[in-house]
Amino acid sequence: MTRLAIAINKTRCIGCQTCAFACKMQNNVPEGMRWNRVITEGCDVEDGALGTYPNLSRSYLPIACQHCENPACQRVCPTGATYKDDKGRVEIDYDKCIGCRMCMAACPYNARVFNWNEPVRKPDFNFGDKEVPVRPKGVAEKCTLCKERTDRGEEPMCVRCCPTKARTYGDLDDPNSEISKLIAERHAYVLLEEQGTKPQVHYFE
Amino acid sequence: MSGATSPHAGMTRRNFLKTAGVAAGALGLAGAASMTTADNWLAPAEAHADGEERVAHLCHQFHCLTGCNLKCTIRDERVSIIEPSDLAEESHQTICLRGIGEVDHIYAADRIQTPLKRVGERGEGKFEAISWDEAIQTIADAIKSAQEQYGEGSVFIRKSTEASIDFDFFGQLMKADSGGNWGLDRGQPNGTAAAFGAFSYCPNRSIHEFSDASTIIELGHNPLESGIVWSRALMDAKEAGVYIVTVDPRFTGTASKSNEWLPVLPGTDAALIQGMIRAIVDEGWYDEEFIKSKTSLPYLVDRETGKTYRSEDVMCPNPTVVGMLTVGAPYVWDEAEGKARLYNEEGVQPALEGTWTINGKEYTTEWTLLKEWISEYSVDWAAETCGIAKETIIALADRYANNGPAIIDFGLGGPDKYTNADVLGHSTSILVAITGNYGRKGSGMGFFGGVGVDDPAATVNYWTLPEGYGYTSCGTAMYDMPYNENPIHVALTFGDAFTLEAAAANDMLNWVKSLDFFAIIDIYHSSAVDYADIVLPACSKFESEENVKSLRASYGHVMLANNLIKPLFESKTDLQIERLLAAQWGLEDTLPETYEELARFMLDGVEELDPRMAGITYDALLQQGGCMALPETGPDYRPDGTADNLPTPSGKVELYYEYLTDWGHQFPVYTDANEAYASNPIKEQYPLYFMQGKSRYRIHAYYTACEWFQENFGPYVNISPEDAEARGIQTGDTVRVFNDRGEFKCGVHVNRSLQPGVLFMAETTYTRYYDEGFLQNVTNSHREDRQYDMYFGPQIPYNDVLVQIEKA
Ligand code: SF4
Ligand code: SF4
């Protein structure tokens, strides 16, 4: 089996947002939406801090679809539009999506965005990878693990562009992959483990 | 894994949701009511998958000091994907958000589309479209009439930091005034120039040696947001266990990645460094061997006059860096022979301390004088002045001196932008030299990341104009033109010089308004555009009339932009604009006709000048897609910079600044900043320090126009919760920031990263995105007289500012 995933080294992550924009560009993501966000943990402003001056701390957390083994979104999708594919990615069949947004309510990671209106793009043409389907009004969308790129054997655009090499892409089912080794050696963890969603995206310090 | 101890224990579903929106904070953006809107200028591309694609490559930015080669996928003649170049050497296949954001930025609504003529008042921003012919004619007429009426020196032409600066022909053809001293980024270099050489702020060892250091001090430097790609070296060091200390009033990204954050009071960094020097001298933690063999500290100085004892016959190997005078070789006291001998004589054993009478004059060593100088600064004084505890200063001194090798990486923003930055640079030079943290693996000093020897440099030819053409100077720097009498009547700038390269914008813009004529060439509707009489639309670096564009030597590669899109709207390349202007004087043939001609010229015959350039020809470059690495480029490139034969008069680190005797600054006398100091009485009215610095979303004001970035970021001032609460200010409010020089209104973020008493704002954003005014309205235009005698002249003290803030 194949379980494609990303592991993020939070020590190396500098919160630069490059991955967030790389994703927006590659996937032709419309105005006001992001499939991948980099948040300053626990803060209501970007580059904020926790603690009291001068004992402060800050950490950045890039979040997108966690490509869960047990996806909460898939369980609630009434049409089967959301599915787990043969490479272990969680994908959406846009033709089957009826826009009920059950998946959005179910996802504990707030990974999904919705086309409430006719999508507006700036610049006003379809940028990004030409293989990426253009989503219409009324469907949910989210990180596909760069399905089009990974199908071609390339790494996801966020991984390719990360300036500090904080991101590692690979197959969790291959014990010799760099990602599997990193997860073991660096004691990687997943977000909201208690939700039982079994994310494939891992984080480590 | 137990939830309670996991590093993300604070993450709840609510947290995710709270920060879910794209715009995590208030943007407070005024709608960009642009007459040049690009909305719907392109019909949406239809069938996504059928579009015809080709690939272009180019060197991106150089003001981030990286210059990545970027691969652009062009579909239906639109730049659709920008990603790291696979033509670059593997470790140089990089990009940051600013490269990616170009996909929107190229097509942004703020693009100037046609030549414009002002129809409203200056500053009002009312224009009408005119033809290129009319625009060029109007500019030429204005220049010619000023030249006839007032002479050549009445014309001011400058390329700012944001225009394409591949070349600079037209201003020279006009023998225009280019505004002299820039006054930017050379505050600390004013203080390091005489010690280690004029350009010693450019490190002589690679940033990739960060991992070989034991300790790195980030002195007011925040590479995580400025030179983004370079922070990979810092993160490598962090993972290798190097101890990182960040000195910054603000809890920056770099501070957050450090083992220790020292929040100095703004403008007091020199006190911290002097406290460290004191501790090192007191404790004997200095490196005597290095001091004797590599520095000027054993040189003899006449106690009475303060002059160095020099030979009248034997000259120093290098002309002096600062005065350009040839000076005699200095004497030391040779312990072996018990007499004064030239410092570089065979077998000389210099004494470090003592007093000797020679020919009736009393001499001592620089080292003795240094000890006397530092005895006036106690660590307690340093602690009180900079706000860092005495024990912390001593511990840092211990770590730096005794747990080397250590690197001091100083920023050219932050502490550089106070009037006492020269004192800081000189103090840092002393700290580095007495501990021997220079010229060996894992040590060094300077601004790391792009300006040093991180990558091998290429050799190219530079296009020259015929004899007799060149810039002139009236002796007044641009930043002083509002204050000093000057002959300028007409100005032409490529990009925004007036609001970016001067403080106290009300003064500068009033002066601009008083000119007979001002024209600007810009890609975007930048802050200065509204003041122009004529505006010419330049195209972005992704556009060219021909297949190729700029040839750049950057990041260990030679890069030729090629396969680009055609200029959008009615814009033109800088080269064609310069040629159109030059043609008004019949001088266009002094310029290359095309970028191809220029690029071919730049590479013609370079192989003979530099064998490393073998094979890097115009044709080979094009054939390979436009990017070729130099032979040494790679992850292991580590130049072996030493502390020998430095570009100082004697070739040693020269720490005693005899040339500043009139100012009493032979050693760096601690001086308060001009405005930003604790006991300044105007604090009663303006109690808050106002700092500016880099944001990941900008290179200066560039990328203001990027709509993607506008979703995350806009002009807002950051304030500590304490200061905000005292004023009833909350995130999302509009605030007014003011002092006697002016005011502006914008959004606000209440942010714990701020030291109480300090405001921070990222420089900078086109004025139209503010609610009113912009940050440069409050900044300080003071010049420090002492610095007129220094290598880089007085610098603009952008951070040396006090203000008050209130809810608007
Ligand atoms: S690109 Fe890399 S360093 Fe930047 S925010 Fe994303 S994961 Fe972090
Ligand atoms: S702005 Fe970013 S992508 Fe562009 S050259 Fe600099 S580091 Fe590279």
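Look up: the structure comes first, before these words.
Thresholds, definitions, all that
- Residues numbered from 1 in each chain as written.
- Chains lettered and ligands numbered in written order.
- Predicted model: local features only at pLDDT ≥ 70, side-chain atom pairs only at ≥ 80, totals over all residues.
- Heavy atoms only, no water.
- Pairing = 2+ DSSP bridges.
- Helix = DSSP H or I, 4+ residues; strand = E, 2+ residues; numbered from the N terminus.
- Axes fitted to C-alpha atoms, helices over the stretch in contact; angles between N-to-C directions.
- Phe/Tyr/Trp six-rings, centres within 6.5 Å; stacked < 30°, edge-to-face > 60°.
- Buried < 20%, exposed > 50% of the residue type's maximum accessible area, 1.4 Å probe, protein only.
- Contact = heavy atoms within 4.5 Å.
- Buried area = accessible area lost by both parts, 1.4 Å probe.
- Salt bridge = Lys/Arg side-chain N within 4 Å of Asp/Glu carboxyl O.
- Polar contact = N/O pair within 3.5 Å; in protein donor to acceptor, adjacent residues only side chain to side chain.
- Nonpolar A, V, L, I, M, F, W, Y, C, P; charged D, E, K, R; others polar.

All names here are of chain A. Ordered in space as β10-β1-β11, the three strands form an open sheet in which the pairing is mixed. A single partner strand is all that each edge strand has here, and the edge strands are β10 (167–171) and β11 (202–204). Mean inter-strand twist for the sheet, computed between neighbouring axes without regard to direction, equals 25 degrees. One ladder, built from three bridges, connects strand β1 (residues 4–9) with β11; its direction is parallel. The partner of A7 across the bridge, within β11, is H202.

All names here are of chain B. Tallying each qualifying case throughout the model produces 45 aromatic pairs over all chains. Both rings, one in F196 and one in Y438, keep their centres 4.4 Å apart while their planes meet at 40 degrees; by these two values the pair is tilted. Here F196 is found in helix α6 (residues 187–196), whereas its partner Y438 is found in the loop between α14 (421–434) and β17 (444–446), with 242 residues between them in sequence. Neither F196 nor Y438 differs from the other in exposure class; each is buried. Considering the side-chain rings of Y770 and F774, the 6.4 Å spacing of their centres and the 85 degrees angle between planes classify their relative orientation as edge-to-face. In this structure Y770 comes out as buried when scored by relative accessible area, which is 3%. For F774, a relative accessible area of 3% corresponds to the buried category.

Here the focus is the sheet that holds strand β14 (residues 355–358) of chain B. Strand pairing in a sheet relies on backbone hydrogen bonds. The paired strands run either parallel or antiparallel. Residues and elements named next belong to chain B. In spatial order, the strands read β10-β15-β14; together these three strands make up an open sheet with antiparallel pairing. Because the sheet does not close on itself, it has two edges, and the strands there are β10 (300–302) and β14. Within this sheet the neighbouring strands show an average axis-to-axis angle of 40 degrees, counted without direction. Pairing between β10 and strand β15 (residues 361–365): three bridges, direction antiparallel. Across the sheet, L300 pairs through a bridge with T365, a residue of β15. Sheet strands touched by helix α11 (residues 366–374): β10 and β15. Its angle to β15, the strand with the most contacts, is close to 75 degrees.

This part takes up the interface of chain B and chain A. The interface of chain B with chain A comprises 74 residues on the first partner and 70 residues on the second. A combined buried area of about 6200 Å² lies between chain B and chain A, and 56% of that area is made up of carbon and sulfur atoms. At the junction of chain B with chain A, the criterion picks out eight salt bridges. Summed over the shared surface of chain B and chain A, the result is 27 residue pairs in polar contact (both at pLDDT 80 or more). Looking at the side of chain B that touches chain A, the elements that each hand over two or more residues are α1 (13–18), β3 (78–84), α2 (97–100), α3 (102–105), α7 (231–239), α8 (253–256), α20 (707–710) and β27 (742–750) of chain B. A per-element tally of the side of chain B that touches chain A places β3 of chain B first, with seven residues. Residue composition of the side of chain B that touches chain A, by class: 37 nonpolar, 18 polar and 19 charged.

All right, on to the pattern of salt bridges then. Tallied over the full model, the rule gives 64 salt bridges over all chains. With a closest N to O distance of 3.8 Å, K159 of chain B and D574 of chain B form a salt bridge. With K159 of chain B in strand β6 (residues 155–159) and D574 of chain B in helix α16 (residues 574–583), this residue pair connects regions lying 415 residues apart in the sequence. For R600 of chain B, the salt bridge goes to E596 of chain B, with nearest N and O atoms at 2.9 Å. Placement of the pair is R600 of chain B and E596 of chain B together in helix α17 (residues 595–603), with a separation of four residues, close to one helical turn. Judged by relative accessible area, which is 34%, R600 of chain B ranks as partly exposed. A cluster of three or more residues bridged by salt bridges with shared partners is formed by D85, K87, R89, E91, K147 and D151 of chain A.

That is the geometry; function is a separate question.
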